[in-house]
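Structural description and commentary
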Amino acid sequence: MLSYRHGFHAGNFADVFKHFLLVYLLKTLKHKKPFSFIDPFAGAGKYFLDDPFMKKNKEYSNGIIKVLSSKIKDPFIKDYLDLVKLANLNKKKISIYPGSCFLSLMVLDKEDKIYLSELHNNEFEILKKNFEQNRNVKTEKKDAYSFLSQIINSHKGNRLILIDPSYEVKNEYEKIIKLVKHNATQFPDSCFLIWYPVLESEKTNQFVKKFLDIGVQNIAHIDIQLKNSFLRMQGTGLFIVNAPSNMKTDIGKGLEILLEILKDKNLQSKINFNMFKRL
Ligand SMILES: C[S@@+](CC[C@H](N)C(=O)[O-])C[C@H]1O[C@@H](n2cnc3c(N)ncnc32)[C@H](O)[C@@H]1O
């Protein structure tokens, strides 16, 4: 049974990096139509700062709030922040943090399709309610693994797939590697964004090593070390399979700016950004 609630973490530093990249990819890739966004580990879609989950640890204080209160010139960070502000109807103080589903709804065009699945009962009910008015959004209470297989096989076109599990299941790392390897081989024209937390270094190192060895041609890896005294997570990472070719030039600087804002000045932090192309 799933117990993870993203509301405890929404808007924290890992969400900021993940959603910054997600917005960049959606904006860049959506121009090739037909376009669809598939988010099989969807969460609730949006998160209220006064919700008891959000209020418990206020992880957003060391995440999105710090970025919003900084002077930003980078156009790609601005794109992401503009959406966070738009979700809050451009009010001075934010009360909502938009998750991946809501960000995608704000970025995409009416003819683009958004496919969301969520297995947790309560999260799914909130997700369904949040998007029932949006005709281009389909929500299902289904296991992410079978949902992705169903959608990717039945809907053609240009796709971005976000793989963002809660890593609650013991063998989830192995399952994710298998899932991406299978789908990236079968659908080499789709782009995959995969998120992971840096928790126990040995487990994370093993996952990264195995992932980089899945045998696809075009993989980017963004490894973010951000030591901090308030979270168990001491960094975060992202893989992008079939990333746009100029991604590093576009967002490399933005990632460094975000790290500078979010890091604990007395603790270690660094970003490694590599794009691998195999022939
Ligand atoms: C990290 S959260 C998603 C956050 C969201 N993608 C965002 O960025 O705003 C992961 C979600 O996946 C759900 N989940 C975990 N395993 C799942 C599975 N096998 N099938 C569907 N949903 C699952 C969890 O209940 C949780 O809500």
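Everything that follows concerns the structure shown earlier in this document.
Residues numbered from 1 in each chain as written. Predicted model: local features only at pLDDT ≥ 70, side-chain atom pairs only at ≥ 80, totals over all residues. Heavy atoms only, no water.

1. A look at the packing of aromatic side chains
Counted under the stated rule, the structure contains 13 aromatic pairs. With centroids separated by 5.6 Å and ring planes inclined at 80°, the aromatic side chains of Y24 and F76 adopt a geometry described as edge-to-face. Placement of Y24 in helix α1 (residues 13-29) and of F76 in helix α4 (residues 75-87) is noted, with a sequence separation of 52 residues between them. Among the residues examined, Y24 registers a relative accessible area of 4% and is labelled buried. Take F76: its relative accessible area is 25%, and that puts it in the partly exposed class. Taking the centre distance of 6.2 Å and the plane angle of 50° together, the rings of Y167 and W195 count as tilted. A residue pair is termed long-range when its members are at least 10 positions apart, and Y167 in the loop between β6 (158-163) and α8 (172-186) and W195 in strand β7 (residues 191-197) qualify at 28 residues. Of the two residues examined, Y167 and W195, each falls in the buried class. Counting every residue linked through ring pairs, the aromatic cluster contains Y167, Y173, W195, Y196, F207, F211 and F239. Above the plane of the ring of W195 lies K18, whose end atom (NZ or CZ) is 5.4 Å from the centre. (Phe/Tyr/Trp six-rings, centres within 6.5 Å; stacked < 30°, edge-to-face > 60°. Helix = DSSP H or I, 4+ residues; strand = E, 2+ residues; numbered from the N terminus. Buried < 20%, exposed > 50% of the residue type's maximum accessible area, 1.4 Å probe, protein only. Lys NZ or Arg CZ within 6 Å of the ring centre and 35° of its normal.)

2. Details of the sheet that holds strand β4 (residues 113-117)
With mixed pairing, the eight strands of this open sheet are ordered in space as β5-β4-β1-β6-β7-β9-β8-β10. Of all strands in the sheet, those bounded by a partner on one side alone are β5 (137-140) and β10 (269-277). Across the sheet, the mean angle from the axis of one strand to that of its neighbour is 10°, orientation sign disregarded. Sheet topology note: the β7/strand β9 (residues 235-241) ladder contains six bridges and is antiparallel. When the sheet's bridge partners are listed, F192 is paired in β9 with V241. Sheet strands in contact with α1 are β1 (35-39), β6, β7, β8 (218-226), β9 and β10, and its direction is about 20° off that of β9. (Pairing = 2+ DSSP bridges. Axes fitted to C-alpha atoms, helices over the stretch in contact; angles between N-to-C directions. Contact = heavy atoms within 4.5 Å.)

Nothing here speaks to function; it is geometry throughout.
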